[in-house]
Structure formats: C-alpha cells, structure tokens
Amino acid sequence: MSVAMSRQKKVTTHVLSEMKHNKEKIAMLTAYDFSLAKIVDSAGIDVILVGDSASNVMAGYETTLPITLDHMIYHGASVVRAVERALVVVDMPFGTYQGNSKEALTSAIRIMKETAADSVKLEGGREVVESVERIISAGIPVMGHLGLTPQSIHKFGTYTVRAKQEEEAQKLIEDAHLLQEAGCYAIVLEKIPAELAAKVAEQLTIPIIGIGAGSGVDGQVLVLHDMLGVTHEFSPRFLRRYHNLFAEISGAVGNYIEDVKAVDFPSEREQY
Ligand code: KIV
C-alpha cells in the first residue's frame, strides 16, 4: 500500500515508520480539547499530542510540573472523542514515571484505558529506559522526548537551546539510540542545534520529530495555541505563527461588547 493510500486511514505507529522510510514528513500539533482536536484532525494532521504543555496553555501554570495524571486523562479522553484519523499521543505528566518502572507502567495503563489514546510520551534518556521497556512490554507504544525537557526545568534553570556543547550532544545521541533499542517508535527532539538533530534522524531508523530542531528531521511539532497566535507573549525563534487569533478574538469580543452596550444585539431577527 502506498503512503498516499495509507494516509486515508487511521495513522498508526507503522504508518509513521513507513512515512520515514518514504521520506514523507510527519506533521504533528498539540490539542487538549474536543473542539480544536476535531478541527486539527479534519485538516489532516498526522499526529495529535495531548501535551503536558496543557499545564501552561490551558491551566496557566508557569511550568509543566503541576499538571496531574487525572488532568492529562481528562484532556486525552476529550481529544480522542474528536479524532478519527490522527495518531493520538498523551504526555505522561511529571512524577508519574520517573520514580520506578512499575509506577510508570501503572500510569501508562491508566492513560491507555481511560483515554483510549494510541500511545504515551515521556521525557528523558538513559534514566527512563527501564520504564520505557516496561511500558512497551505491556503493548503500549512509547514516544521519547530529548533535548529541552521542560519537566526538568528546575535542574537546568533555563529554557535555552540544549546540547550545544560536544559532551551534551554526545550524550543526546547515545540516549536516542538507547530509546530506539528500548523500543520507542519515535522521538521528539526539542530545541537543539539543527545539525545535531539531523545527525540523530540520519542515524536512527525510527521517526525523529523536531520542535526548534531544524528541518533535517522526519517531522515537526508545534503547540497549537502558539502557532495560531492564541498565546502572544511567547516568541521563540523556532515558532512560526500562522495566525494572530489573540488579536482576532479580542476584536470580535470588543465588537460584541459594543453591540450589547448599544442595544444593537440582539436585533429583531435574533429574538423570538
Ligand atoms: O507538551 C508539549 O506540548 C510537548 C511539545 C512541546 C513537544 O511536549
């Protein structure tokens, strides 16, 4: 079956692997709720990430640390109810997999049972390999996440570009290989030099999806609210804004307020 034909159907981890093989780029975006997930899925996105960035975007926290497993399950289940075609990945929140691999498996099973998502994602390299192996041994597909790992913000202290120095770059390459060997079906690389990301994508057989990692990888992911311009304070170099919804929504709300105050809304045709 050609990739074009397979794209009419539900996207699976196998489809993503085929896409890498056929050099077709993978397009991934976040979504956290039913209505936007429906739009993103209908538009033909390949992968929807129910990211723990919901902690920032939906709940207004400074970091991704406060979001809980129950919150992620709520968002994940809302997205899954909307999606027909895209592969849905749910982030495992901070504190649900780092402790020990048994706890990691219990958390991943809850996500899969209670959301009906297709896979989970977790952050880290060698330190989480045991958890990755245990989750995969239960038949749950795992996406890795290396480079800037926001759940470790307190360890690094900043959100700047990672792995610029040779030693950290080497560790990242080794971690990527370890995650692939452990059975991850794909890895997100966040905010690392483009040359390093391209090298990882070339060395690994699984798809590498970048965010702030250049164009030499197998796909791209952005936070939906950032690329639509709903959020407007956050402007990293890697972010391309496809809309300015902050301005558009503010304008619409302003017009509504004016109409209500002027008793222009509702009109005769808008009442019973
Ligand atoms: O939570 C998230 O949105 C993510 C992406 C930035 C990759 O992990």
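None of these values were measured; they are calculated from a predicted model.

> I tried to follow the pattern of salt bridges on my own but got confused; where do I start?
Two side chains bearing opposite charge may form a pair once their charged atoms approach each other closely. One pass over the full model with this rule turns up nine salt bridges. The partner of Lys 121 in a salt bridge is Asp 91, with the nearest N and O atoms 2.8 Å apart. Here Lys 121, found in strand β4 (residues 119–121), pairs with Asp 91, found in strand β3 (residues 87–91); they are 30 residues apart in sequence, far enough to count as distant. The exposure class assigned to Asp 91 is buried, which follows from its relative accessible area of 3%. When the shortest N-O distance is used, the salt bridge between Arg 110 and Glu 114 registers 2.8 Å.

> For this particular structure, what's the right way to read helix α10 (residues 194–203)?
One full turn of an α-helix is made of 3.6 residues, so residues set three or four places apart face in the same direction. Buried within α10 we find Leu 196, Ala 197, Val 200 and Ala 201. Along the axis of α10, the buried residues cluster in a sector spanning 135°; they form a single face. The outward face of α10, more than 90 degrees from its buried face, is lined by the exposed residues Glu 195 and Glu 202. At its buried positions, α10 is contacted by α2 (13–21), α9 (166–182), β6 (186–190) and β7 (208–211).

> What am I meant to see in the packing of α9 against α10 here?
Each pair of packed helices can be summarised by the angle the axes make with each other and by the distance between the axes. Between α9 and α10, the least distance of the axes is 10 Å, while the angle of their chain directions is 25°. Considered as vectors, α9 and α10 are oriented roughly parallel to each other. As for the relative orientation of α9 and α10, their crossing is right-handed in sense. On the side of α9, the interface is formed by Ala 169, Leu 172, Ile 173, Ala 176 and His 177, while α10 contributes Leu 196, Lys 199, Val 200 and Gln 203. In the contact of α9 with α10, the residues fall into six nonpolar, two polar and one charged.

> Is there a simple way to think about the site of the ligand in this case?
Surveying the vicinity of the ligand reveals the residues Thr 30, Leu 49, Gly 51, Asp 52, Ser 53, Asp 91, Lys 121, His 145, Val 188, Glu 190, Ile 211 and Val 223. Between the ligand and Ser 53, the relevant distance is 2.5 Å, taken from an oxygen atom to a side-chain nitrogen or oxygen of the residue. One of the side-chain nitrogen or oxygen atoms of Lys 121 is found 2.9 Å away from an oxygen atom of the ligand.

> Just checking my understanding: could you explain the pairing of strand β5 (residues 142–147) for this structure?
For a regular strand, side-chain orientation follows a simple rule: the groups alternate between the two sheet faces. Across the six residues that make up β5, a large majority, six, are buried. Both β4 and β5 contribute to a ladder of two bridges, which runs parallel. Bridging across to β5, Val 120 finds its partner in Val 142. Note that the unit made of β4, helix α7 (residues 129–137) and β5 has a crossover that is right-handed. Of the strand pairs in this sheet, β5 and β6 are connected by five bridges, and their pairing is parallel. Each residue of the ladder has a partner; that of His 145, found in β6, is Val 188.

> Looking at this structure, how should I read the domain arrangement of the chain?
In many analyses, interface size is given as the accessible surface area lost on bringing the parts together. By domain assignment, the chain separates into domain 1 (3–241) and domain 2 (244–272). Here the C-alpha centre of domain 2 lies 38 Å away from the C-alpha centre of domain 1.

> Honestly, unusual backbone geometry in this entry has me stumped. Any pointers?
Trans peptide bonds make up most of the peptide bonds, and negative phi angles are found at most residues other than glycine. Backbone torsion omega between Phe 265 and Pro 266 reads -5°, so that peptide bond is classified as cis. Along the chain, Pro 266 falls in the segment after α12 (245–261). Of note in this structure, Lys 191 is not a glycine but carries a positive phi near 50°. For Lys 191, the location among the structural elements is in the loop between β6 and α10. Although it is not a glycine, Val 263 adopts a positive phi angle of roughly 50°. Residue placement: Val 263 occurs in the segment after α12.

> Where do I start with the environment of Gly 210 in this structure?
Within the fold, Gly 210 resides in strand β7. Classification of Gly 210 as buried rests on a relative accessible area of 0%. Residues Gly 210 and His 232 lie 22 residues apart in sequence; the distance between their C-alpha atoms is 22 Å. With near-sequence residues (within four places) excluded, Gly 210 lies in contact with Leu 189, Val 217, Gly 219, Gln 220 and Val 221.

Conventions used here
- Residues numbered from 1 in each chain as written.
- Predicted model: local features only at pLDDT ≥ 70, side-chain atom pairs only at ≥ 80, totals over all residues.
- Heavy atoms only, no water.
- Salt bridge = Lys/Arg side-chain N within 4 Å of Asp/Glu carboxyl O.
- Helix = DSSP H or I, 4+ residues; strand = E, 2+ residues; numbered from the N terminus.
- Buried < 20%, exposed > 50% of the residue type's maximum accessible area, 1.4 Å probe, protein only.
- Arc of directions from axis to C-beta.
- Contact = heavy atoms within 4.5 Å.
- Axes fitted to C-alpha atoms, helices over the stretch in contact; angles between N-to-C directions.
- Parallel < 35°, antiparallel > 145°, perpendicular 65-115°, else oblique.
- Left-handed = near helix turned anticlockwise from the far one by under 90°.
- Nonpolar A, V, L, I, M, F, W, Y, C, P; charged D, E, K, R; others polar.
- Near = heavy atom within 4 Å.
- Polar contact = N/O pair within 3.5 Å; in protein donor to acceptor, adjacent residues only side chain to side chain.
- Pairing = 2+ DSSP bridges.
- Right-handed = clockwise from strand over helix to strand, strands pointing away.
- Domains from an automatic or database assignment.

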